[in-house]
Amino acid sequence: MAFESLTDKLQNAFKKLKSKGLLTEEDVKVALKEVKMALLEADVNFKVVKQFVSSVEERAVGADVLNGLNPGQMVVKIVNDELVSLMGPENAELVFQPGKSITTIMMCGLQGAGKTTATAKLAAKLLTKGKRPLLVACDIYRPGAIKQLQINGEKVKVPVFEMGDKNSPVDIAKAALEHAAKNDNNVVILDTAGRLHIDDEMMEELIRIKENVDVHQTILVVDAMTGQDAVTVAEDFNERIGIDGVILSKMDGDARGGAALSVKAVTQKPILFVGMGEKLSDLEQFYPDRMANRILGMGDVLSLIEKAEENLEIDEETTKDMASRLKKGKFDYNDYLESMKQMRNLGGISSILGMLPGMGLKTKDLEGAIDEDQLKQTEAIILSMTKEERANPKLMSLPRKGRIAKGAGVDISVVNRFVKQFEQTQKMMKQMPGMFGGKKGRGMFGGLGGMKFPF
Amino acid sequence: MAGFFSKIFGGYKQIDEDFYDEIFEKLVTGDVGVRTSNEIVERLRDQVKENHIKSPEECREFLKNNIKEQMRLDEDAFAFEKERSVIFVIGINGVGKTTTIGKLAAMYKNEGKRVLLSAADTFRAAAAEQLGEWANRAGVEMVSGKEGQDPSSVLFDTIQSAKAKQVDVLIVDTAGRLHNKKNLMDELEKMNRLINSYYPLVHRENLVVLDGTTGQNALNQAREFSEVTKLTGFIMTKMDGTARGGIAVAIQSELKIPVKYIGVGEKITDLKRFNADEYVDSLFE
């Protein structure tokens, strides 16, 4: 798919930067050219891309390359940081009226954006938060719209207020608020008809609703697959009606979702939720970092960088300790166990390999090749050893192996194989004692490429 | 939609990199996509060289004709309208399948054909009511089932009815489904086989409906739906907004699937047979 070839392209561009030590203007330009294309392919609006790229360029040129990252990764990091901050905040919440007063929410958007579905999903979500929502059928135009809302309301057990298709949406909204007050509903959600942002008459209708009832939150529902025109739509709705937040629908598809960035950039209004599926419970919180990853299509290269950074700080002490022991030529089963733990902290081998750029495509093969179950087995074998055996590998003998095999619940041949592997590793460690003398950002993880653990 | 390119050609005195960049920008802004836009610009570069073109204004006709050529329909593109046919309408949620079917029904009915609709969207709440309303407006008959019923059984019933009544056109409405949901796509495949088995001798038209405001994902949609059945064309809806629907150019160029109809509004008459010249001219007006 186009998706993968683009990731490839980016990675190739970043490869060119890899061997160089500094983040020069030329490097940044090369990398950002690919980033620009990636964003355009993801449907981020052209103007938004232009602005974004130039602001990143300013930040990136001359920036310090963090320890442990190559210049390419550094550019990705900056691009990603910028994307995340542009798309945030993470915990945007709907604002409710204080006390017992009714909060009125108006949903709006183009035809087919998924308003009716999102409306019911939102009601379901509010219900779980202890609100008493009322759904209101203000779409008097689309055949079947009222019925659709009624059925959805029934499914999520939220009452639906409707007056057929002969009354104006303004009158329906007014009556709905009276109805809500009588029936003790504290949130009223108006489902309005889909409309084009250039349809003056229809846009006027939304304005009239706002003039006649107190709408506290106006939510624009945007299809995650929208193309370049997302900016025009969002701008028009925001300028003419005024919106307070956005729901991004159809995020369970495979669209890269660049519209999210476009809409956020032009309206500055938070993305509140994302619609993730057909089921009416599928309305999820919005995570700017996940969205950034998705739009950029860079695999999870960044979470790898972050994870490595976090873990290395924690493990620095252990690593230092281990390094000094290794320098003396000591490497026992405890060290082996420790190094395994470090690998685990990074999220398991196959997940690490999956996250590495260039590796992503082959993750499936690697999952087969490196067996997490086998890691567990190895761990069980070491844990079945006595403290003495762990600290002094030379103690190992046939009866001991037999006991360990029983303890670990494996055949003795498995223990034999492991002990042999361990001895090989031990030899290898002695041959290159410099391995663990890492600066921050290298250490165990930095050595991963050069050192093979016989797991 | 109009005035897409109008500014560029007047604004440049010579053909330089900025000029090409701006054409690229305009194309991408119209959702034509990076790859196809690049191809179009490269083609123009070659033509400029070959034909020793000096002024930007001269490029206009070349660019126009390039896109027109790509978008032009085969002569027999609408042949199915003159035969007994079944139109299998598929697409993701919210693109306007049901509305489009209503418009198609009205169009064929007005041309004197006997039309039957199959409400095989048994998933979305009130989908059959919506199609039923369109059937009323168009004055055609419809066969429907219950919500949650196997759509294939509704389709089967419709086919029996179509045979008995000797209708000219059978139009099948299906539930919107995202193209990356395997089980739903399998269901569609089943319906496809069912038509093959039980209604084999009529002309088969398989149309995917795409939302004109959709970006590059429309390519994925067209690609995935063509795995289910051999697409004979697509319908571009919501072309009355400010979106250019340039993804149609990309689909035509990359997948060789032609646009057959475009939806330009909410009225029952707001559906047009696609005309490449008209479409492209409107971009350059």
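J.: How should I be thinking about the pairing of strand β6 (residues 245–249) of chain A in this particular structure?
T.: In the case of a regular strand, side chains alternate between the two sheet surfaces. Residue and element names in this part refer to chain A. With five of five residues buried, β6 lies mostly within the body of the structure. Alternating positions in β6 separate into two faces, G245, I247 and S249 on one and V246 and L248 on the other, with burial throughout. Two strands pair when backbone bridges link them, and strand β5 (residues 217–223) and β6 are joined in this way by five bridges, in the parallel orientation. The residue bridging D223 from the neighbouring strand is S249, located in β6. Taking the sense of rotation as the criterion, the β-α-β connection linking β5, helix α9 (residues 230–240) and β6 turns out right-handed. Sheet analysis places β6 next to strand β7 (residues 271–275), joined by three bridges and oriented parallel. From the neighbouring strand, I247 faces β7, where its bridge partner is F273. Between the parallel pair β6 and β7, the chain is carried across by helix α10 (residues 258–267), and the sense of this crossover is right-handed.

J.: What's the story with the interface of chain B and chain A in this structure? I'm lost.
T.: Buried accessible area, meaning the area lost when the parts come together, often serves as the stated size of an interface. Each side of the interface is counted separately: chain B has 39 residues, and chain A has 35 residues. Here chain B packs against chain A, burying approximately 3,300 Å² in sum over the two surfaces, 54% of which is carbon and sulfur. Viewed at the interface, chain A and chain B are joined by four salt bridges. Between A:K147 and B:E129 there is a salt bridge, with the nearest N and O atoms lying 3.0 Å from each other. The interface formed by chain B and chain A contains 19 residue pairs in polar contact (both at pLDDT 80 or more). Looking at the side of chain B that touches chain A, the elements that each hand over two or more residues are α2 (17–29), α3 (34–50), α6 (127–138) and α9 (217–228) of chain B. In terms of residues, the side of chain B that touches chain A owes the most to one element, α6(B), which gives five residues. When grouped by side-chain class, the residues that make up the side of chain B that touches chain A number 11 nonpolar, 16 polar and 12 charged.

J.: Before we go on, may I ask you to explain helix α3 (residues 46–60) of chain A in this structure?
T.: Count 3.6 residues to each turn of an α-helix, and residues three or four apart come out pointing the same way. The terminal C-alpha atoms of α3(A), which comprises 15 residues, lie 21 Å apart, in line with the 21 Å expected from a rise of 1.5 Å per residue. Buried residues of α3(A): A:F46, A:V48, A:V49, A:F52, A:V53, A:V56 and A:A60, and no others. Mapping the buried residues of α3(A) onto a view down its axis gives an arc of 145 degrees, with all of them on the same face. Facing away from the buried side of α3(A), by more than 90 degrees, are the exposed residues A:K47, A:Q51 and A:E58. The elements touched by buried residues of α3(A) are α2 (25–41), α4 (71–87), α9 and α10 of chain A together with α2 of chain B. The N-capping residue of α3(A), defined by a side-chain oxygen 2.9 Å from the backbone nitrogen of A:K47, is A:N45. Following α3(A) by one or two positions, A:G62 has its phi on the positive side, about 85 degrees.

J.: What is the right way to look at the side chain of B:D31 in this model?
T.: Mapped onto the elements of the fold, B:D31 is located in the loop between α2 and α3. Among the polar contacts made by the side chain of B:D31, one reaches the main-chain amide nitrogen of A:Q228 at a distance of 2.7 Å. What B:D31 contacts, discounting residues up to four positions off in sequence, is A:D43, A:G227, A:Q228, A:D229, B:T213, B:T214, B:G215, B:Q216, B:G246 and B:I247.

J.: Just to check I follow, could you spell out the confidence of the model for chain B for this structure?
T.: A low pLDDT means the predicted coordinates there should not be read in detail. Residues and elements named next belong to chain B. Of the residues in chain B, 98% have a pLDDT of 70 or more, and the chain-wide mean is 93. Per-element confidence in chain B is highest for strand β1 (residues 85–90), whose mean pLDDT is 98, and lowest for helix α1 (residues 6–11), whose mean pLDDT is 74. Interface confidence in the predicted complex, given as ipTM, is 0.90; pTM for the same model is 0.77.

J.: Even after reading the chapter, I still don't get the packing of α4(A) against α10(A), so can you show me in this structure?
T.: To characterise two packed helices, one gives the angle between the axes of the helices and the distance between these axes. Residue and element names in this part refer to chain A. Where α4 meets α10, the axes come as close as 9 Å, and the angle between the chain directions of the two elements is 60 degrees. Of the possible angle classes, the one that applies to α4 and α10 is oblique. For the crossing formed where α4 meets α10, the hand is left-handed. Facing α4, whose interface residues are L83, L86 and M87, α10 presents A260, L261 and K264.

J.: Got a minute to help me understand unusual backbone geometry in this structure?
T.: Residue and element names in this part refer to chain A. With an omega dihedral of 0 degrees, the bond running from G88 to P89 counts as a cis peptide bond. In this fold, P89 is placed in the loop between α4 and β1 (103–108). A positive phi angle is found at K157, which is not glycine, with a value near 60 degrees. Checked against the element boundaries, K157 lands in the loop between α6 (145–156) and β3 (160–161). Here K157 falls in the exposed class, since its relative accessible area comes to 68%. Of note, the phi angle at Q268 is positive, near 60 degrees, even though the residue is not glycine.

Thresholds, definitions, all that
Residues numbered from 1 in each chain as written. Chains lettered and ligands numbered in written order. Predicted model: local features only at pLDDT ≥ 70, side-chain atom pairs only at ≥ 80, totals over all residues. Heavy atoms only, no water. Buried < 20%, exposed > 50% of the residue type's maximum accessible area, 1.4 Å probe, protein only. Helix = DSSP H or I, 4+ residues; strand = E, 2+ residues; numbered from the N terminus. Pairing = 2+ DSSP bridges. Right-handed = clockwise from strand over helix to strand, strands pointing away. Contact = heavy atoms within 4.5 Å. Buried area = accessible area lost by both parts, 1.4 Å probe. Salt bridge = Lys/Arg side-chain N within 4 Å of Asp/Glu carboxyl O. Polar contact = N/O pair within 3.5 Å; in protein donor to acceptor, adjacent residues only side chain to side chain. Nonpolar A, V, L, I, M, F, W, Y, C, P; charged D, E, K, R; others polar. Expected span 1.5 Å × (residues − 1). Arc of directions from axis to C-beta. pLDDT = per-residue confidence, 0-100. Axes fitted to C-alpha atoms, helices over the stretch in contact; angles between N-to-C directions. Parallel < 35°, antiparallel > 145°, perpendicular 65-115°, else oblique. Left-handed = near helix turned anticlockwise from the far one by under 90°.

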